[in-house]
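# Breakdown of the fold
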2 protein chains.
Amino acid sequence: MLGTPKRDRRAERREATRAEILAAAWDQVRAEGLTSLSLRDLASRVGMQAPSLYSYFDSKHAIYDAMFAQGAQEFLEAERAVPVTGDVLRDLQAGARMFVGFCSDDPVRYQLLFQRLIPGFEPSPESYGIAVDALQVVRDRLAGAGLTDPRHLDLLTAVTAGLANQQISNEPGGDRWVSLVDEAIEMYLEHVDKRTKQKGTRK
Amino acid sequence: MLGTPKRDRRAERREATRAEILAAAWDQVRAEGLTSLSLRDLASRVGMQAPSLYSYFDSKHAIYDAMFAQGAQEFLEAERAVPVTGDVLRDLQAGARMFVGFCSDDPVRYQLLFQRLIPGFEPSPESYGIAVDALQVVRDRLAGAGLTDPRHLDLLTAVTAGLANQQISNEPGGDRWVSLVDEAIEMYLEHVDKRTKQKGTRK
DNA sequence: GTCTATATTTGGATAGAC
DNA sequence: GTCTATCCAAATATAGAC
């Protein structure tokens, strides 16, 4: 017998402004670099003076933290949207395409989520928890595809992270390495299959 | 009939001090992060006041530039020290071990040389030239091993950069991904050999 | 909630005495 | 070459009026 939740127009408004500030913050770091987030510039982007931002965020790090949570949430949803068909090759390729695309689509988001670039910043437990959940989804998916050997998992993350990294570092916005994802996963699976069979037959 | 080059004790002293400042700069960025190089702190590390640094470097960017040149020189020498035996697998493994080790041994050097992290900084043509030379040595070595297909080269750089990247981001100082280098190169060569043969037989 | 004003710190860089 | 003194700009953050 729950009725419609009471709307709080003031809280809605506040949340909308917070989202607006975050969107402007993403714009700024994409333009100036992740470490060059300035509260003055950010405020002017949303038509405020710098001190007004403190009504919405306790500090600059709190803004980074909210950005981290947002990026992790996006990653979690993108991960969940990857279809599972049971065809190991196709499924792995789809997952890797998602990951490399996710990273190369937004390099600063990649830097914020997966690298330690901002001196003195680390995400709050709540924000980090979202990222942990997302990585667990990845692990479950790979286990479902029969991949459990930790070293093989490390090899896979290296291959996909390497493609993303090269794309971002050497040809941002392009697809020179993105277009190699399917072939790289083929290469990886040929190798892993072989090793697994060898182990099996030698038993 | 060239005699011993005239020694200039003043110039030698100056060069020694420059080297001392650069060493202290590396210490600082390793401790505080690449983007957190402060002239005040740097000066205090070498027992100077900040303005005195301007007797040795024109600006902060000039210090970054000298660091870039130094790192590129180290990379060039490390690259030239990799032995070539003619055994493609062993040679590729040796080259990849060197690269991944070079990167993971000093993450900030890796960031300075291979990523674009410092807002507004790019190396001078002279410094950049050293890096270009080093990459040409790599390319020549790979061509000598029969690797010329551009996409296969891109795949190789992705694999090695990925190993280095994961090592640095997830377990700095360890060898979890470093220890995968030889296997990764095996995987890569199995794949490339197969593709090359296929192309050949289908002709 | 937003502003102005300001505190405080820190940064790179320059002038000029010694 | 090194120093002190200083400039100038920019940063985060706070106090308090409205």
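Here is what the cut-offs are and how they apply
- Residues numbered from 1 in each chain as written.
- Chains lettered and ligands numbered in written order.
- Predicted model: local features only at pLDDT ≥ 70, side-chain atom pairs only at ≥ 80, totals over all residues.
- Heavy atoms only, no water.
- Least-squares fit on C-alpha atoms with pLDDT ≥ 70 in both.
- Contact = heavy atoms within 4.5 Å.
- Helix = DSSP H or I, 4+ residues; strand = E, 2+ residues; numbered from the N terminus.
- Buried < 20%, exposed > 50% of the residue type's maximum accessible area, 1.4 Å probe, protein only.
- Polar contact = N/O pair within 3.5 Å; in protein donor to acceptor, adjacent residues only side chain to side chain.
- Buried area = accessible area lost by both parts, 1.4 Å probe.
- Salt bridge = Lys/Arg side-chain N within 4 Å of Asp/Glu carboxyl O.

## Overview of the relation of the copies chain B and chain A
Rotating chain B by 180° and translating it 0.1 Å along the rotation axis places it on chain A, where the RMSD comes to 0.1 Å. Overall, the copies show the geometry of a two-fold rotation axis. When C-alpha distances to the rotation axis are compared across chain B, the minimum falls at Gly162 of chain B, with a value of 1.7 Å. A share of 100% of interface residues in chain B that are also interface residues in chain A marks the association as one of identical surfaces.

## Thoughts on the side chain of Gln167 of chain B
Residues and elements named next belong to chain B. Mapped onto the fold, Gln167 is located in helix H7 (residues 150-170). Overall, Gln167 belongs to the buried group, its relative accessible area being 1%. In this structure the side chain of Gln167 is engaged in a polar contact, spanning 3.3 Å, whose partner is the backbone oxygen of Gly174. Look past the residues within four positions of Gln167 in its chain and what remains in contact with it is Ser104, Pro172, Gly174, Asp175, Arg176, Trp177 and Val178.

## Observations concerning the interface of chain B and chain A
In many analyses, interface size is given as the accessible surface area lost on bringing the parts together. Each side of the interface is counted separately: chain B has 35 residues, and chain A has 35 residues. On the chain B side of the contact with chain A, Arg151, Glu183 and Met187 of chain B bury the most area, a combined 20% of that side's loss. Put simply, chain B and chain A have 7 salt bridges between them. Close ionic contact of Lys194 of chain B with Glu190 of chain A constitutes a salt bridge, the shortest N to O distance being 3.3 Å. Seen at the junction of chain B and chain A, the total is 18 residue pairs in polar contact (both at pLDDT 80 or more). When contributions to the side of chain B that touches chain A are tallied by element, the ones reaching two or more residues are helix H5 (107-114), H7 and helix H8 (181-202) of chain B. Broken down by element, the residue count for the side of chain B that touches chain A peaks at 13 residues, all from H7 of chain B.

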